[in-house]
Amino acid sequence: MYKLTIPGIAALVFMLHGFTATAGETFSIAAVADPQYADVPAGWRGAPREPEEGVNRLTYAVSQYNQRTLDWGVLLGDIIDFDDIDYGNPPPGTVSTNGTHDWSNADAILAAWDKLNIQNYMVLGTHEFYVPNKDVDGMSKPYSVFRKFGFDQKAYYSFRHKDFRFIVLDGDFCYLNFDPDLPEYQEALDYFNALSGPQKLWYNAAISLDQRIWLMDALDESSVLDEPVVIMCHYPIHTPIGNHSLLNSTEMLDIVNGYSNVVMWLNGHNHSGDYALEGRRHHVNLKGMQNEAENWYEIEFSSDRVLVYQADETNTPVYDLDISRTA
C-alpha cells in the first residue's frame, strides 16, 4: 500500500471527525456509457454507428430509471459524438462552416439526461473534446469543455455513498483535449508520439501525473478507512492491453494493484463491452448505447456483491460479482 505522509495523516484524522459509516446498506444506481449523440444520419462514417439515436435512447432509459428506486446515476463518457466541427478522420476536424459554437449536440443530450430525477454524475470521454479549439468567447479546450459539462478546472473527483468510495477519473492527457495554442498540446503530442503498443490510437488518452498523485492520495485515505472503492473512468485498463485501453494502462494497473480495497473498475469506450478479473478486482466495460438501444444498466451494490442488470431485465443480472474481501 502507498504510504500516507504525516500531513496526509493529519488531514485524514480531521476528515474522520464525525464520519459515520453505513456498512451493509444496499443501493442501486443508473449507468450509461457512450450515447455519443450527434445530429447526423444513422450509419454515418460506417455501421453500426447510430449517433442520431442517442437522445431518443437516453430519453427512454431515463423514463424507465425514473420509475425505479435508484440512488444516483452516471454517464460514463462519450456523451456527444462531436459538436460544431466537420468531423475529419481522425479528429479534431475543422471548425464548422457557420463559424460558431452553439453546442447543439451537447445541449440536446444533456437535456435528456437532466430529466433523471436523482443525483447524476458525469465522466468525460474522448468525444467531448471533438469540438472547436476555442469557444465563441475565446476560452480554449479543455476549459471550454469543462465549463459545458459542469466542471471547473478539472474533471476528476471522488464522493462517498453509503460505505463506498467512488472515484471518477478523467483521461486528461491527450493532445486532442487541448487547444494547440496551449503548451500542454505539444507535451501531450510528444508523449503520444513516443508511445508504442496496441493502445497507441488517437481516440485513447492517458491519466496525467497530477491526477495520478491525487488518485493515490484518495486511495490512501480510503484504505485507512477500509472503504470498498469503485473507480469510474471512460477507458479500460485491464489486461490484455487492447486498442481501447488507456495510453498508460500499465502504469494505472500498477497503482490500483497496490490497494486491495479497490473492488471494481467501471468504464465504457469499447462499445462491444467487456469483463475481466484482475486479482479480486472486477473490471466491467459497459456496452455503448450508440450501438444498441438496450445498452443501459442498473447496478446494485451491497457489502459483498455487485449485480449488473441490463435495460428492462431486472430479474437476471448480466454480471453477479463477488466483492467480498476475504482470502
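From a predicted model like this one, the values you see are computed outputs, not experimental measurements.

The rules behind each value
- Residues numbered from 1 in each chain as written.
- Predicted model: local features only at pLDDT ≥ 70, side-chain atom pairs only at ≥ 80, totals over all residues.
- Heavy atoms only, no water.
- Helix = DSSP H or I, 4+ residues; strand = E, 2+ residues; numbered from the N terminus.
- Buried < 20%, exposed > 50% of the residue type's maximum accessible area, 1.4 Å probe, protein only.
- Contact = heavy atoms within 4.5 Å.
- Areas by Shrake-Rupley, 256 points an atom, 1.4 Å probe, with all protein chains shown as cover.
- Pairing = 2+ DSSP bridges.
- Axes fitted to C-alpha atoms, helices over the stretch in contact; angles between N-to-C directions.
- Core = buried A, V, L, I, M, F, W, Y, C linked by side-chain atoms within 4.5 Å.
- Expected span 1.5 Å × (residues − 1).
- 1 Å grid on protein atoms, 1.4 Å probe; cavity = no way out; pocket = protein on both sides within 12 Å on 5 of 7 lines; lining within 4 Å.
- Points joined across faces, edges and corners; volume = space filled by probe spheres on them.
- Nonpolar A, V, L, I, M, F, W, Y, C, P; charged D, E, K, R; others polar.

Caption draft 1: The overall build of the protein chain, seen in detail. Assigned secondary structure in the protein chain consists of seven helices and 14 strands. A burial count over the protein chain gives 54% of its 327 residues as buried. Once local pairs closer than 6 in sequence are excluded, the contacts in the protein chain between residues at least 24 apart make up 69%. Here the protein chain has roughly 13600 Å² of accessible surface; of this, 51% comes from carbon and sulfur atoms.

Caption draft 2: View of the sheet that holds strand β10 (residues 274-278). The mixed open sheet is built from six strands, whose spatial order is β6-β7-β8-β9-β11-β10. Every interior strand has two partners, whereas the edge strands, β6 (157-161) and β10, have only one. For this sheet the average axis-to-axis angle between neighbouring strands, irrespective of direction, equals 15°. With four bridges joining them, strand β7 (residues 164-168) and strand β8 (residues 229-232) adopt parallel strand pairing. Paired with Val 168 across the bridge in β8 is Met 232. In this fold helix α6 (residues 209-225) packs onto β6, β7, β8 and β9 (262-267), with an angle of close to 175° to the strand it touches most, β7.

Caption draft 3: The arrangement of the nonpolar core in detail. By size, the foremost hydrophobic cluster in this structure holds 60 residues, and its most contacted members are Phe 149, Met 232 and Phe 301. Those residues within four positions of Phe 301 in sequence are excluded, and the remaining contacts are Glu 25, Thr 26, Phe 27, Ile 29, Phe 164, Phe 166, Val 230, Met 264 and Val 306. Tyr 130, Ala 218, Leu 219 and Tyr 235 belong to the second-largest nonpolar core, a separate cluster that totals 38 residues.

Caption draft 4: Molecular detail of the pairing of β10. Both β10 and strand β11 (residues 281-285) contribute to a ladder of five bridges, which runs antiparallel. For Tyr 275, the partnering residue across the bridge sits in β11 and is Val 284. What sits between the antiparallel neighbours β10 and β11 is a turn of two residues, in which Gly 279 has the positive phi angle 65°.

Caption draft 5: Inspection of the sheet that holds strand β13 (residues 305-310) at higher detail. Taken together, six strands build an open sheet; the order of strands is β5-β2-β1-β12-β13-β14 and the sheet is mixed. The strands lining the two open edges of the sheet, one partner per strand, are β5 (119-122) and β14 (319-322). Put simply, the sheet's adjacent strands are angled 20° from each other on average, direction ignored. In this structure, strand β1 (residues 27-32) lies alongside strand β12 (residues 297-301), joined through five bridges in antiparallel fashion. Residue pairing for β12: Ala 30 is matched across the bridge by Glu 298. In the packing of helix α2 (residues 54-65) onto the sheet, the strands contacted are β1, β2 (72-75) and β12, and the crossing angle to β1 comes to about 175°. Packing against the sheet, helix α3 (residues 104-113) makes contact with β2 and β5, and its axis sits at approximately 145° to β5.

Caption draft 6: Broad picture of α2. Between the first and last C-alpha of α2 there are 16 Å, a value that for 12 residues agrees with the 16 Å anticipated at 1.5 Å per step. Along α2, the residues that are buried comprise Gly 54, Val 55, Arg 57, Leu 58, Ala 61, Val 62, Gln 64 and Tyr 65.

Caption draft 7: Examining the layout of surface pockets more closely. By volume, the second largest pocket amounts to about 310 Å³. In terms of lining, the second largest pocket is formed by 17 residues, of which the most central are Asp 172, Phe 178, Glu 184, Ser 208 and Asp 210. When contributions to the lining of the second largest pocket are tallied by element, the ones reaching two or more residues are α4 (143-148), α5 (183-194) and α6. Across the lining of the second largest pocket, the residue classes tally to eight nonpolar, three polar and six charged.

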